[in-house]
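In case you want the letters, here they are:
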Amino acid sequence: IYCNLEELQRGGGRAEPPPVPTGPPLQLLGCWERHLDPGTGRCFFYNPQSGRSSWKPPRRHREEVGTMGVGTGRRWVP
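Residues numbered from 1 in each chain as written. Predicted model: local features only at pLDDT ≥ 70, side-chain atom pairs only at ≥ 80, totals over all residues. Heavy atoms only, no water.

**Student:** Tell me about the overall build of the protein chain, and name the residues and values.
**Tutor:** Tallying secondary structure elements over the protein chain gives two helices and four strands in all. Taken from N to C terminus, the helices and strands of the protein chain fall in the order α-β-β-β-β-α. Per-residue burial for the protein chain yields a buried fraction of 27% across its 78 residues. Expressed as a percentage of contacts within the protein chain between residues at least 6 apart in sequence, the contacts between residues at least 24 apart total 28%. A total of about 5900 Å² of accessible surface is found on the protein chain, and carbon and sulfur atoms cover 53% of it. (Helix = DSSP H or I, 4+ residues; strand = E, 2+ residues; numbered from the N terminus. Buried < 20%, exposed > 50% of the residue type's maximum accessible area, 1.4 Å probe, protein only. Contact = heavy atoms within 4.5 Å. Areas by Shrake-Rupley, 256 points an atom, 1.4 Å probe, with all protein chains shown as cover.)

**Student:** Before we move on, can you summarise the packing of aromatic side chains with the specific residues and values?
**Tutor:** Evaluated as defined, the whole model comprises one aromatic pair. When the ring of Phe44 is compared with that of Trp55, the centres are 6.1 Å apart and the planes differ by 80°; the resulting orientation is edge-to-face. Here Phe44 is found in strand E3 (residues 43-47), whereas its partner Trp55 is found in the loop between strand E4 (52-54) and helix H2 (62-66), with 11 residues between them in sequence. Each member of the pair, Phe44 as well as Trp55, is classed as buried. It is Arg42 that lies over the ring of Trp55; its NZ or CZ is 4.0 Å from the centre. (Phe/Tyr/Trp six-rings, centres within 6.5 Å; stacked < 30°, edge-to-face > 60°. Lys NZ or Arg CZ within 6 Å of the ring centre and 35° of its normal.)

**Student:** An account of the sheet that holds strand E2 (residues 32-36) is needed here, citing residue identities and associated values.
**Tutor:** By definition, the strands of a sheet pair up through backbone hydrogen bonds, in either a parallel or an antiparallel sense. Taken in spatial order, the four strands make up an open sheet running E1-E2-E3-E4, and their pairing is antiparallel. In this open sheet, the two strands that pair with only one neighbour each are strand E1 (27-29) and E4. Averaged over all pairs of adjacent strands, the angle between strand axes in this sheet comes to 25°, irrespective of strand direction. Inspection of the sheet shows E1 paired to E2 by three bridges, in the antiparallel sense. (Pairing = 2+ DSSP bridges. Axes fitted to C-alpha atoms, helices over the stretch in contact; angles between N-to-C directions.)

**Student:** Explain the environment of Leu26 to me, and be specific about the residues and the numbers.
**Tutor:** Examined against the element boundaries, Leu26 turns out to sit in the loop between helix H1 (5-10) and E1. Spatially, the C-alpha atoms of Leu26 and Phe45 are 9.9 Å apart, while their sequence positions differ by 19 residues. Setting aside residues no more than four positions away along its own chain, Leu26 makes contact with Arg34, His35, Leu36 and Cys43.

**Student:** Go over the pairing of E3, please, and point to the residues and values.
**Tutor:** Strand residues, when the strand is regular, have side chains that alternate between the two faces of the sheet. Buried residues dominate E3, accounting for five of its five residues. Because side chains alternate across E3, one face comprises the buried residues Cys43, Phe45 and Asn47, and the other comprises Phe44 and Tyr46, equally buried. Across four bridges, the pairing between E2 and E3 is antiparallel. When the bridges of E3 are listed, Arg34 appears paired with Phe45. The antiparallel pairing of E2 with E3 creates a hairpin that spans six residues between the two strands, and Gly41 there sits at a positive phi of about 80°. Two successive antiparallel strands, E3 and E4, enclose a turn made up of four residues, where Gly51 displays a positive phi of approximately 80°.

Shown next as structure tokens:
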């Protein structure tokens, strides 16, 4: 089971859901977009077609997100 202890401690046992995007995405991943939450400094993922958002990358793009920048001269900073 995945659990972020810092989030649990801040939220009294509940993790806060990601916010609604307010600006352009940092990255496009198929029908998902990667955004930065200015309140926490964390990246989150948003699907404008479904309106869903998640702190975790969509399954089919998790490997791609984790290795972004390899061979491109760019570096992905979580």
